[in-house]
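Reading the structure
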Amino acid sequence: MRYNITVLAGDGIGPEVVAETLKVLDKVGAKFGHEFNYDHCLIGGAAIDATGECLPKETVDKALASDAVLLGAVGGPKWDSQPANNRPEKALLGIRKALNLYANLRPAVVFDELKDASPLKSEILDGGLDILIVRELTGGIYFGEHALKPASPDNDLGEVAYDIEEYSQMEIRRIARVAFDLAMKRGKKVTSVDKANVLESSRLWRRTVAEVAAEYPEVELDNLYVDNAAMQLVRAPKQFDVIVTSNIFGDILSDEASQITGSIGMLPSASLTEGSFGMYEPVHGSAPDIAGTGKANPIATILSAAMMLRYSLGLKEEADAIEAAVDKFLKAGYRTFDLQAAPEHKVVGTEETGDLIAEMI
Ligand code: NAD
């Protein structure tokens with residue numbers, strides 16, 4: 001089969017980690033008989049330098065016409081003086097919105113070999129950890145009405161600001177279905193996180209998620225308040241399979257969960273819309289401090305490509321092969337610069353990591 005992938009390498013270490021990922025994808029293509037066509041488009045600082053705009057229309061059009069999008073990272077000090085509406089990071093919000101990517105999937109997986117990198121005690125992680133956080137990405141308080149009211153001479157409040165959290169049943173249903181569909185392919189447990197003891201929007205969230213749950217009798221549904229969920233994530237993270245939550249709670253909990261794994265260079269993510277289309281990117285940024293040194297860990301992007309194969313291209317066996325190769329790389333004693341290495345480990349750079357993982361496919 002032929003697949004068309006829009007590649008947005010971006011800035012800093014983006015192009016470095018994307019290059020290694022394409023190496024791995026090419027190996028998967030050769031081994032399993034697929035052809036991956038890459039259409040390289042501009043985004044972020046690189047796009048500003050070439051066209052003046054952080055997100056050229058051509059990039060959005062090409063992304064929409066492709067089977068999936070693979071993104072490196074954007075941003076860097078070079079573009080810090082850009083006006084707010086044309087900063088590299090603005091391109092990320094722009095492309096997510098343009099592609100209607102309403103479901104953000106962030107797995108928090110602890111590879112057994114890297115258990116010691118986690119700040120949690122190793123007995124809490126015995127037997128490994130595999131949580132999938134499903135965050136609503138295009139609604140809620142980040143997209144509600146925002147206002148700043150000037151100070152009034154009639155009271156001593158000073159300035160007053162508010163941001164509105166608003167969710168429709170349509171938005172809640174569609175993100176809940178994503179979570180339940182994924183749970184069916186995993187541990188068949190969904191934990192919905194809200195603040196239904198205080199917020200009306202959370203009470204609608206909880207009621208609507210329960211309605212969707214009725215369509216999935218095989219999946220167990222658990223409801224947690226967000227404060228309790230934050231606590232449980234560090235106390236007993238293995239109780240979770242799929243967590244589904246709103247935009248703001250998901251933003252915070254997914255960062256918390258990522259820290260449990262101990263390494264930002266290992267964390268992939270996917271952002272999905274209706275159907276199978278999606279955008280795949282590492283959780284980390286453009287790491288300008290190590291760009292050009294050959295020290296960037298490409299594994300987060302390589303694992304993002306595995307998610308792309310699984311969720312957008314329906315290539316499960318191929319996705320498994322990439323994840324198994326990463327596991328093999330770690331088990332063979334290789335470590336990237338960002339991972340704690342013991343004397344028995346061999347520390348390897350960006351290119352060698354890509355070469356080794358491709359070889360291990
Ligand atoms: P960052 O994730 O780029 O870097 C944080 C720290 O982690 C740095 O010390 C970096 O060297 C290290 N690191 C990150 N990825 C690594 C990897 N793959 N291998 C080894 N080490 C790695 O976050 P930051 O420094 O806050 O931001 C740098 C730039 O990236 C900023 O311009 C920011 O706006 C942008 N950013 C972009 C994205 C994105 O494109 N999705 C996400 C976050 C930050």
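These lines cover the structure that appears in this document, whether it is placed above or below. (Residues numbered from 1 in each chain as written. Predicted model: local features only at pLDDT ≥ 70, side-chain atom pairs only at ≥ 80, totals over all residues. Heavy atoms only, no water.)

**Examining the pairing of strand 4 (residues 103-110)**
By the criterion of burial, strand 4 is predominantly enclosed, with seven of the eight residues buried. Pairing analysis gives three bridges linking strand 4 to strand 11 (residues 268-272), with the strands arranged antiparallel. Each residue of the ladder has a partner; that of Asn104, found in strand 11, is Ser271. (Buried < 20%, exposed > 50% of the residue type's maximum accessible area, 1.4 Å probe, protein only. Helix = DSSP H or I, 4+ residues; strand = E, 2+ residues; numbered from the N terminus. Pairing = 2+ DSSP bridges.)

**Here we look at the side chain of Arg106**
Counting through the fold element by element, Arg106 comes out in strand 4. A polar contact is formed between the side chain of Arg106 and the backbone oxygen of Ser254, at a distance of 3.2 Å. There is a polar contact of 3.0 Å between the side chain of Arg106 and the side chain of Asp255. Ignoring sequence-local partners within four residues, the contact set of Arg106 consists of Ile131, Leu132, Ile133, Ser254, Asp255, Ser258, Pro268, Ser269 and Val283. (Polar contact = N/O pair within 3.5 Å; in protein donor to acceptor, adjacent residues only side chain to side chain. Contact = heavy atoms within 4.5 Å.)

**Quick look at the site of the ligand**
Glu89, Gly285, Ala287, Asp289 and Asn297 are the nearest of the 19 residues found near the ligand. For the ligand, an oxygen atom lies 2.9 Å from a polar atom in the backbone of Val74. Here an oxygen atom of the ligand sits 3.2 Å away from a polar atom, N or O, in the main chain of Gly76. Notes on the ligand: free accessible area 800 Å², of which the protein chains cover 69%. Grouping the constituent residues of the shell around the ligand by class yields nine nonpolar, six polar and four charged. (Near = heavy atom within 4 Å. Areas by Shrake-Rupley, 256 points an atom, 1.4 Å probe, with all protein chains shown as cover. Nonpolar A, V, L, I, M, F, W, Y, C, P; charged D, E, K, R; others polar.)

**Description of the layout of surface pockets**
Counted as a void, the largest pocket has a volume near 940 Å³. Lining the largest pocket are 34 residues, with Leu132, Arg186, Met307, Arg310 and Tyr311 sitting closest to its centre. Here the lining of the largest pocket takes five residues from helix 5 (residues 169-184), the largest share from any one element. Taken together, the residues of the lining of the largest pocket sort by class into 18 nonpolar, five polar and eleven charged. Each of two domains, domain 1 (1-101 + 276-361) and domain 2 (119-260), supplies a minimum of three residues to the lining of the largest pocket. When its volume is computed, the second largest pocket comes out at roughly 490 Å³. In terms of lining residues, the second largest pocket is bounded by 25 residues, among which Leu92, Arg96, Arg106, Arg135 and Glu281 are the most central. Every element with two or more residues in the lining of the second largest pocket is listed here: strand 3 (68-73), helix 4 (88-98), strand 4, helix 8 (247-261), strand 11 and strand 12 (278-282). Top contributing element to the lining of the second largest pocket by residue count: helix 4, with five residues. Looking at the lining of the second largest pocket, its residues break down into nine nonpolar, eight polar and eight charged. When residues of the lining of the second largest pocket are sorted by domain, at least three fall in each of domain 1 (1-101 + 276-361) and domain 2 (119-260). (1 Å grid on protein atoms, 1.4 Å probe; cavity = no way out; pocket = protein on both sides within 12 Å on 5 of 7 lines; lining within 4 Å. Points joined across faces, edges and corners; volume = space filled by probe spheres on them. Domains from an automatic or database assignment.)

**Some points on the side chain of Thr350**
Mapping Thr350 onto the fold places it in helix 11 (residues 350-360). Here Ala296 takes part through its backbone oxygen, which lies 2.7 Å from a polar atom of the side chain of Thr350. Setting aside chain neighbours within four positions, we find Thr350 in contact with Glu16, Glu20, Gly294, Lys295, Ala296 and Pro298.

**Some remarks on the sheet that holds strand 12**
For sheets, the rule is that strands pair by backbone hydrogen bonds, running either parallel or antiparallel. An order of 2-1-3-12-11-4-5-10-8-9 is seen for the ten strands of this open sheet, with the pairing classed as mixed. In the strand order of this sheet, the two ends are held by strand 2 (35-40) and strand 9 (220-225), each with one partner. Taken over all neighbouring pairs, the strand axes of this sheet differ in orientation by 25 degrees on average, direction set aside. Bridge count for strand 8 (residues 189-194) against strand 9 is six bridges, and the pairing is parallel. In the strand pairing of strand 9, Val193 is matched with Leu224. (Axes fitted to C-alpha atoms, helices over the stretch in contact; angles between N-to-C directions.)

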